[in-house]
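# Close look at the chain arrangement
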Amino acid sequence: MAAVKTPGEVALNRLAIVSVLVITLIFLAPIYWIASTAFKPRNLATTIPPTVVFTPEISPFVKLFTKRSQLREPVPPEVYEAAPWWERLIFDGGEKVVRSGRGEIQLSGYPSRFINSLIVAITSTILAVGMGTFTAYGFSRFRVKGEADLLFFILSTRMLPPVVVAIPMFLMYRAVGLNDTHWGLIILYTAFNLSFSVWLMKGFIDEIPKEYEEAALVDGYTRMQAFFKIVLPEAATGIAATAVFCFITAWNEYAFALIMTNRRAQTAPPFIPSQVGSGLPDWTVIAAGTFLFLLPVAIFTFLLRNHLLRGMSFGAIRK
């Protein structure tokens, strides 16, 4: 029979629910602000008081992906009618799309920066989680001399903020020719996330009973076969949780990307604020770029949400 709650317990439950709702609204408010600004007309982006009800537009996203210049004279009606619908949105804003000498549309720098972010974040996450899992397995299953000191040394790489070591790393990268390269950022982000990956994965692997592997070894499995067929499936939740955190760190990193890259391998985080410029900024375009930048992390986290929730609660099999 269920216990009857006292009035005090009911009040505390209601207070907890209200507190959770308030905190959720506080955290979601910036996301809503960015998303709404990304679909606003430019003249409503900075109104005081803020405009809440408006007709959504996609012209900020069209502007985000194209190079534009100000119109110096009205567009001829025949040109306006012959233009595609998305180019008419640019014309309506008093701008025109920049074209090459052969009439090809010139894309802005955002698509290439976005692709760079995907390449660097995905590759560094795979490398960090892969190497971290193997390293954590070694520390968890074998007796390593000076294990505590080695683990502390691995953790110490996260004790300094990136901006402190950015200048020495820049000089080192310039000497070996890794400045403004994808592999330069991949190596840097992998090293930066590796310590986090090792420590987090060691906690998950420690929770997997050794008896499973011992039984597999008795049945004729090699140590490597036991690792891939026994340990990895049981550590899937831990791998997913670690991958989410490593991906978010690499995806959002700003200091190294700003200092180590210039054009060819520059990622989206340093590119988006550079669009503010010194003139009158178009906040709708900046919000559109930020909104699109949030989507991969949101989608990746959503796809792994079940593993992430189990992983955060150390959901591996326990003895």
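Residues numbered from 1 in each chain as written. Predicted model: local features only at pLDDT ≥ 70, side-chain atom pairs only at ≥ 80, totals over all residues. Heavy atoms only, no water.

### A word on the overall build of the chain
In terms of helices and strands, the chain carries 15 helices and two strands. Since a compact globule built from 319 residues should have a radius of gyration of about 20 Å, the 26 Å found for the chain marks it as more spread out than a globular shape. The dimensions of the chain, computed from C-alpha atoms along their principal axes, are 80 × 70 × 40 Å. When each of the 319 residues of the chain is scored for burial, the buried share is 36%. Here the contacts in the chain between residues at least 6 apart in sequence split such that 76% fall between residues at least 24 apart. Within the structure as shown, the chain displays about 19,000 Å² of accessible surface, and the carbon and sulfur contribution to it stands at 69%. Of the charged side chains in the chain, 28 are positive and 21 negative, and the gap between their average positions amounts to 3 Å. (Helix = DSSP H or I, 4+ residues; strand = E, 2+ residues; numbered from the N terminus. Rg over C-alpha atoms; globule rule 2.2 N^0.38 Å. Buried < 20%, exposed > 50% of the residue type's maximum accessible area, 1.4 Å probe, protein only. Contact = heavy atoms within 4.5 Å. Areas by Shrake-Rupley, 256 points an atom, 1.4 Å probe, with all protein chains shown as cover. Lys, Arg positive; Asp, Glu negative; His and termini not counted. Charge placed at Lys NZ, Arg CZ, Asp CG, Glu CD.)

### A few points about empty space enclosed by the protein
What the rule picks out here adds up to two cavities of 30 Å³ or more. The space that makes up the largest cavity amounts to roughly 50 Å³. As for the largest cavity, its lining consists of Leu64, Tyr110, Phe271, Ile272, Gln275, Val285, Ile286 and Gly289. When contributions to the lining of the largest cavity are tallied by element, the ones reaching two or more residues are helix H13 (268-274) and helix H14 (283-303). Among the elements that take part in the lining of the largest cavity, H14 stands out by supplying three residues, more than any other. Residue composition of the lining of the largest cavity, by class: six nonpolar, two polar and no charged. What the second largest cavity holds in volume is close to 30 Å³. Ser117, Val120, Ala121, Tyr189, Ala250, Trp251, Glu253, Thr267 and Pro269 are the residues that line the second largest cavity. (1 Å grid on protein atoms, 1.4 Å probe; cavity = no way out; pocket = protein on both sides within 12 Å on 5 of 7 lines; lining within 4 Å. Points joined across faces, edges and corners; volume = space filled by probe spheres on them. Nonpolar A, V, L, I, M, F, W, Y, C, P; charged D, E, K, R; others polar.)

### Re the side chain of Thr181
Note that Thr181 resides in the loop between helix H7 (162-176) and helix H8 (182-206). At 2.6 Å, the side chain of Thr181 forms a polar contact with the backbone oxygen of Leu178. Excluding residues that lie within four positions of it along the chain, Thr181 makes contacts with Arg264 and Ala265. (Polar contact = N/O pair within 3.5 Å; in protein donor to acceptor, adjacent residues only side chain to side chain.)

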